[in-house]
Amino acid sequence: MSETRERILRDIRNSLGRDRLDPDRESELRARIARHRRNPLPTRAIALGHWEQLELFVTMAEEAQATVTRVNSPAAVPEAIARYLAAENLPAELVMAPDASLDAIPWSSWPLLHIRRGRAEAEDRISFTPCHAAIAETGTLMLISGPQTPTTLNFLPETHIVLLHAHQVVATYEDGWDRLRTGQTPQELPRAINFVTGPSRTADIEQHIELGAHGPRRLHIVLIENGEAAGSEENEHRKAPSR
Amino acid sequence: MLATSRDFKAAARAGLANDNLQRALGLARTGFPLRRRLAIERLPEFEALREAGRSIKDHTLQHLDFYLELYESQVQASGGKVHWAHDAAEACGAVLEICRSADAKTVTKGKSMVAEEVGLNDFLKASGITPIETDLGEYIIQLRHEPPSHIIAPAIHLVKEQVAETFRAEHRSLDPGRLLAEPRQMCDEARAMLRPHFLAADVGITGANFLVAETGSSIIVTNEGNGDLTQTLPRIHIVVTSIEKLVPTFEDAATLLRLLARSATGQEFSSYTTISTGPRRAGDLDGPEQYHVVLLDNGRSAMIGTEFQDMLRCIRCSACMNHCPVYAAVGGHAYGWVYPGPMGAVLTPNLIGIEEAGHLPNASTFCGRCESVCPVKIPLPKMLRHWREREYAKKLNPAVYRSALSAWGWVARHPALYHALTEAASRALSWAGGGRGRFRALPLAAGWTRVRDMPAPEGRSFHSLWAERQKRRGVR
């Protein structure tokens, strides 16, 4: 196919009325990339303090039909999950990401939760995963693939439960990306980065929005608010976001 | 895909007379524009984002050779492979070769307009591989052996009763007495029918909304999650896409993503935006072992540097067709090829030739809504006009039309004659219209008067009234 490659590049240069760019111009373009200059960003997200961003995230996620439970500490997570599953009339059986960050949760405090760790299989109904970041501007979760966080957990089961720490909330997609990109080459990027906003949906039949087309029917977020890196000083200024 | 754009007039007439189509279009006509407007009212930066989106795409096109080479080298660095394709046949051939080299029997597909453009499904089927469409709308029209009628809502021309009928005819293993009255039941049925295909497929084919040169990544945007299951579960992931999807950085992609969902469905963000970079990494528990990108030109490189270059900015959001009175009246199938609506009327002649697509540039009232809602500010009406000029220059219009247009053009270049003739015609028509003030029939205008009355002129032309008024006011 290298003939075709050369032909397409030649056709493009002919249409542009020039030869291959000279090395100086190419260096300029590489420098443009390296600057990672941001285009205009939504003020509604970047003008907020951290706690307001958190509130905006919750508002937007709920608007996209995700559900959110707030807890005070990792110790409260097993109960929060068990109560959610009971309320939704779902079995207390999870497939959980084999991620070390979830080891600190005292699962033995809620022995009725059956937990398997690994990737999702066809018969798994409920998954539980950490996330990389949460984007306030649209209530979007940012999940990344890796040995400890398989992608199938985000898409195969009917119910996806995500653990979010308050300090993981950022304003924009770019902020989430920066947390990931720092010092990484493409080979080191995760294979998949999933921005997830609410559960799966379709409007393909008569524009009627139905949840749970092929991915999860339910997206539930367990948010740990306290005992986090975010300072108590900001906490005092907590108020409803202006939108 | 075989084009039937030559038959636009007949197909448009059939569309207007199709009750199911008119019911289905009625639902779309109000829904899409309303949701888009509400989303944009919440984002004061939308206009600034449109400007930024336009300049990102213009910058990339001006340096497309550089960004394509960079993109390819980064795909390779992450363990993937790029297959360049000059035309549809090469793209299909590349996909088949990948499937055969991996001894693949079953293929699932996420929605891809480029795959539609190259006719991939028919080609693979003829080669012994049946691809299963997994987007609900695409799945429905695949079962019905129909092409998509809209670029993001492929089954928008159907009402739910037609979908139920199709499911009953095709899902023969299910209880014939089951209830299929509401979209919910049909969604659940499609979910259950498609799940085994997702799990069994050897190859998953998706399109790409954007390609990021800096990282060699492909980005897909979906609501159903079918694209993600398609590209995560099989051994091999093939991205079928085209050269103008490139953007330099993730920051640039983020700007276009902010425009895309709002312009398309009026969502703040689609449910799933996924960035894929290469195959499964060491230690990963899932994801494809091979990652391929089939990168199509198919006439796009020839558009650069012409009056149609701006069309390459298109991000396939569908806002133009969602706001087009012609599309809303006749539906997408009338356009006769892959891309309908205003963007299709401009792009189709570029890709298959004005000889094949001559009617499409005329399928417009020039109302300008398409340009006013375009997230990357493509001057669609201007480009439709360019196509009409080329059509005229190539003598593709009927002789009567051409002579009439030439005659009018000659008269219009002679103002005194023009004013005298229009004044005379106004008076004559006013007199002939008599007391009724309208015509029920008029020679040479049967196309109009067959379906509605023609209002009669008041008796004077604007020019003569204006001249008289200026004279009264003492202006010369």
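Everything numeric here is computed off the predicted structure, so don't read it as measured data.

## What about the overall build of chain A?
- Looking only at helices and strands, one finds 8 helices and 12 strands in chain A.
- Taken along its principal axes, the extent of the C-alpha atoms in chain A is 70 × 45 × 40 Å.
- The buried share among the 243 residues of chain A stands at 44%.

## Section: the overall build of chain B
- Per the secondary structure count, chain B includes 22 helices and 12 strands.
- Expressed as lengths along the three principal axes of its C-alpha atoms, the size of chain B is roughly 90 × 60 × 45 Å.
- Here chain B, with 476 residues, has 50% of them falling under the buried criterion.
- Residue pairs in contact within chain B that sit at least 24 positions apart in sequence constitute 75% of those at least 6 positions apart.

## Some points on the domain arrangement of chain B
- Taken as a whole, chain B is organised into domain 1 (39-301) and domain 2 (413-472).
- Look at where the C-alpha atoms of domain 1 of chain B and domain 2 of chain B centre, and you get two points 54 Å apart.

## Here's the deal with the domain arrangement of chain A
- Once the domains are mapped, chain A shows domain 1 (2-35) and domain 2 (43-236).
- Using only C-alpha atoms to locate each centre, domain 1 of chain A and domain 2 of chain A end up separated by 41 Å.

## Describing the sheet that holds strand S9 (residues 272-276) of chain B
- In space, the 8 strands of this open sheet follow the order S8(A)-S5(A)-S6(A)-S9(A)-S9(B)-S6(B)-S5(B)-S8(B), with mixed pairing throughout. Either end of the sheet is taken by a strand with one partner, and the two such strands are strand S8 (169-170) of chain A together with strand S8 (246-247) of chain B.
- Helix H7 (residues 173-181) of chain A contacts strand S5 (133-135), strand S6 (140-144), S8 and strand S9 (192-196) of chain A of the sheet and is inclined by roughly 165° relative to S5(A).

## Regarding unusual backbone geometry
Residue and element names in this part refer to chain B.
- You will see that Asn298, though not glycine, has its phi angle at about 50°, which is positive.
- Looking at the secondary structure, you find Asn298 in the loop between strand S10 (290-296) and helix H13 (300-303).
- Since 21 C-beta atoms lie within 10 Å of it, Asn298 is described here as buried.
- Of note, Phe366 is a non-glycine position whose phi angle comes to about 60°, a positive value.
- Note on placement: Phe366 falls in the loop between helix H16 (341-352) and helix H17 (369-373).
- A count of 11 C-beta atoms within 10 Å places Phe366 in the exposed class.

## Details of helix H4 (residues 50-63) of chain A
All names here are of chain A.
- The terminal C-alpha atoms of H4, which comprises 14 residues, lie 20 Å apart, in line with the 20 Å expected from a rise of 1.5 Å per residue.
- Most of H4 sits inside the fold, with 10 of its 14 residues counted as buried.
- Looking at H4, one finds that the buried residues are His50, Trp51, Glu52, Gln53, Leu54, Leu56, Phe57, Val58, Met60 and Ala61.
- Gln65 lies just past H4 and shows a positive phi near 70°.

## Regarding the sheet that holds strand S4 (residues 203-206) of chain B
All names here are of chain B.
- Sheet architecture is open: 6 strands sit in the order S1-S10-S7-S4-S2-S3, paired in parallel fashion. Here the strands that pair on one side only, and so sit at the sheet edges, are strand S1 (81-85) and strand S3 (130-133). Across the sheet, the mean angle separating the axes of adjacent strands is 25° when strand polarity is ignored.
- Inspection of the sheet shows S4 paired to strand S7 (residues 236-242) by 4 bridges, in the parallel sense. The partner of Ile205 across the bridge, within S7, is Ile238.

Calculation criteria
- Here the residue index of a chain counts from 1 through its sequence in written order.
- Chain letters start at A and ligand numbers start at 1, both assigned in the order the entries are written.
- Side-chain atom pairs in this predicted model are given and counted only at pLDDT of 80 or more, local residue features only at pLDDT of at least 70, and totals for whole chains, interfaces and linings cover all residues.
- Helix and strand assignments follow DSSP, with helices taken as H or I runs no shorter than four residues and strands as E runs no shorter than two, numbered in order from the N terminus.
- The burial label depends on the number of other C-beta atoms within 10 Å of a residue's C-beta. Counts of 20 or more mean buried, 12 or fewer mean exposed, and intermediate counts mean partly exposed, with C-beta atoms placed from the backbone.
- Contacts here follow a simple rule: the backbone-placed C-beta atoms of the two residues must lie within 7 Å.
- Segmentation of the chain into domains, including their bounds, is taken from an automatic or database domain assignment.
- Note on pairing: two strands pair once DSSP finds at least 2 bridges between them.
- The angle between two axes is taken between their N-to-C directions and runs from 0 to 180 degrees, where each axis is a line fitted to C-alpha atoms and a helix contributes only its stretch in contact.
- Every helix has an expected span of 1.5 Å times one less than the residues it contains.

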